[in-house]
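Here is how the chains run, residue by residue.
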Amino acid sequence: MSFKTIVAIIQSKDDAERVLNCALPLATRFQSHLIGVHAEALPVAYTSAVGFPDTEFLQATAEANKERAESLQAAFRSRMRGAGLSFEWRSLESFSGDSAHSGISSARCSDLVIAAQRNPHADATATADVDALLYESGRPVLVVPHAGPPHDGTYRRVIVAWNGSREAARAAFDALPLLMEAERVEVFVIDPPEDVEQDAEASGAEIATALARHGVAVGVTSEASGGRSVDHILQARIAATGTDLLVLGAYSHSWLRQLLFGGITRTVLQSMPVATFMSR
């Protein structure tokens with residue numbers, strides 16, 4: 001099992017470096033075909049004071065969009081030059097100008113999508129809508145954090161957040177290529193069932209055994225929440241163990257949010273301090 005087609009969502013120069021710092025080493029290790037995807041917004045036809053379309057504004061906007069797209073394409077090709085990898089660049093246009101929305105069709109035909117976490121301090125148009133990728137593409141998404149030192153896509157210590165759900169199982173098995181490379185994988189269960197023998201699925205014992213059959217160096221750890229929020233528990237565990245990758249099921253915003261882990265999808269997309277591999 002491997003990631004043979006990787007889609008890198010590149011919304012702006014703010015996230016291009018972080019996404020490519022992760023995507024390029026991964027593509028090199030797995031000998032993947034790497035696709036860079038960027039979208040620009042279609043110019044909106046504003047009217048002038050006399051009621052006619054402002055053609056000068058339309059032209060200036062179109063030229064600025066083209067210049068930005070060409071600059072990102074040049075940066076992408078510069079990083080790919082000499083890498084010895086198969087790659088392509090896709091420049092798209094849409095009304096929103098969001099590269100994640102525009103890249104969904106490309107993502108659906110890939111093994112892995114890599115995108116940057118939304119930077120709360122950046123312009124709203126500078127980062128892509130990762131939610132769209134998670135809920136619409138049907139493919140796993142590796143979310144690169146917006147803060148902290150750049151990462152090279154090598155994950156040595158991994159936490160698999162586990163609650164026995166379909167989403168958690170999908171994420172764990174989708175992440176197998178990365179788990180098999182890791183030095184240590186921890187299946188982490190919050191508020192485990194009282195009778196572990198009768199509920200091995202929810203306790204993490206069964207998934208750990210299944211992962212071990214693939215050669216994953218895996219163990220199981222559990223912790224009682226004691227009234228603390230799940231995202232705070234996970235972040236504390238990540239800090240305590242030196243974890244550099246979290247594997248997590250992505251949950252919808254319906255009743256599933258009430259399940260364990262269901263309420264932290266938004267937290268991951270906004271502020272999780274390490275890379276997060278998510279599937280749904």
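Everything here concerns the structure above.
The rules behind the values
Residues numbered from 1 in each chain as written. Predicted model: local features only at pLDDT ≥ 70, side-chain atom pairs only at ≥ 80, totals over all residues. Heavy atoms only, no water. Helix = DSSP H or I, 4+ residues; strand = E, 2+ residues; numbered from the N terminus. Buried < 20%, exposed > 50% of the residue type's maximum accessible area, 1.4 Å probe, protein only. Pairing = 2+ DSSP bridges. Axes fitted to C-alpha atoms, helices over the stretch in contact; angles between N-to-C directions. Contact = heavy atoms within 4.5 Å. Salt bridge = Lys/Arg side-chain N within 4 Å of Asp/Glu carboxyl O. 1 Å grid on protein atoms, 1.4 Å probe; cavity = no way out; pocket = protein on both sides within 12 Å on 5 of 7 lines; lining within 4 Å. Points joined across faces, edges and corners; volume = space filled by probe spheres on them. Nonpolar A, V, L, I, M, F, W, Y, C, P; charged D, E, K, R; others polar. Polar contact = N/O pair within 3.5 Å; in protein donor to acceptor, adjacent residues only side chain to side chain.

Asker: What's the story with unusual backbone geometry in this structure? I'm lost.
Answerer: At Q31, a residue that is not glycine, the phi angle is positive and equals roughly 50°. Among the secondary structure elements, Q31 is positioned in the loop between α1 (13–30) and β2 (33–41). Classification of Q31 as exposed rests on a relative accessible area of 51%. Phi is positive for D191, which is not a glycine, with a value near 55°.

Asker: So what exactly am I meant to see when it comes to the pairing of strand β9 (residues 245–249) here?
Answerer: Consecutive side chains along a regular strand alternate between the two faces of the sheet. Most of β9 is tucked away, with 5 of its 5 residues classed as buried. Residues L245, V247 and G249 point to one face of β9 and L246 and L248 to the other, with burial holding for every one of them. Alignment of strand β6 (residues 157–162) against β9, held across 3 bridges, turns out to be parallel. Of the residues in β9, the one forming a bridge with V160 is V247.

Asker: Please explain the sheet that holds β6 as it appears in this structure.
Answerer: Through backbone hydrogen bonds, the strands of a sheet pair up, either in parallel or in antiparallel fashion. Spatial ordering of the open sheet is given by β3-β2-β1-β4-β5-β10-β9-β6-β7-β8, a layout of 10 strands whose pairing is mixed. Every other strand in the sheet has two partners, leaving β3 (86–94) and β8 (218–223) as the edge strands with one partner each. Sheet twist, expressed as the average angle between the axes of neighbouring strands with direction ignored, equals 25°. Where β2 meets β3, 9 bridges bridge the pair, whose relative direction is parallel. Counterpart to L34 in the pairing with β3 is F87. Lying on the sheet, helix α10 (residues 230–241) is in contact with β6, β7 (184–190), β8 and β9; it crosses β7 at an angle near 155°.

Asker: How should I be thinking about helix α6 (residues 166–174) in this particular structure?
Answerer: A turn of α-helix holds 3.6 residues, and therefore any two residues three or four places apart point the same way. Every buried residue of α6 is listed here: E167, A168, A171, A172 and D174. Buried residues belonging to α6 abut β6, α7 (176–181), α9 (205–212), β9 and β10 (275–279).

Asker: Just checking my understanding: could you explain the pattern of salt bridges for this structure?
Answerer: Going through the model one piece at a time under the given rule, you end up with 7 salt bridges. Two residues, R90 and E88, come together in a salt bridge whose shortest N-O distance is 3.0 Å. By relative accessible area, R90 is classed as partly exposed at 26%. Residue classification places E88 among the partly exposed residues on the basis of a relative accessible area of 27%. For the salt bridge of E186 with R237, the shortest nitrogen-to-oxygen distance reads 2.7 Å. With E186 in strand β7 and R237 in helix α10, the pair connects residues that are 51 residues apart, well separated along the chain.

Asker: Can you help me understand empty space enclosed by the protein in this one?
Answerer: By the definition in use, this model includes 1 cavity of 30 Å³ or more. As for the largest cavity, its lining consists of R157, V158, I159, R184, E186, T241 and T243. Contributing elements (two or more residues each) for the lining of the largest cavity: β6 and β7. In terms of residues, the lining of the largest cavity owes the most to one element, β6, which gives 3 residues. Split into classes, the residues belonging to the lining of the largest cavity amount to 2 nonpolar, 2 polar and 3 charged.

Asker: Could you clarify how one ought to interpret the side chain of S137 in this entry?
Answerer: Its location among the elements puts S137 in the loop between α5 (130–136) and β5 (141–144). Within the structure, S137 has its side chain in polar contact with the backbone oxygen of L133 (distance 2.5 Å). Polar contacts involving the side chain of S137 include one to the main-chain amide nitrogen of R139, which spans 3.2 Å. The residues contacting S137, other than those within four sequence positions of it, are I104, A107, R108 and A132.

Nothing here speaks to function; it is geometry throughout.
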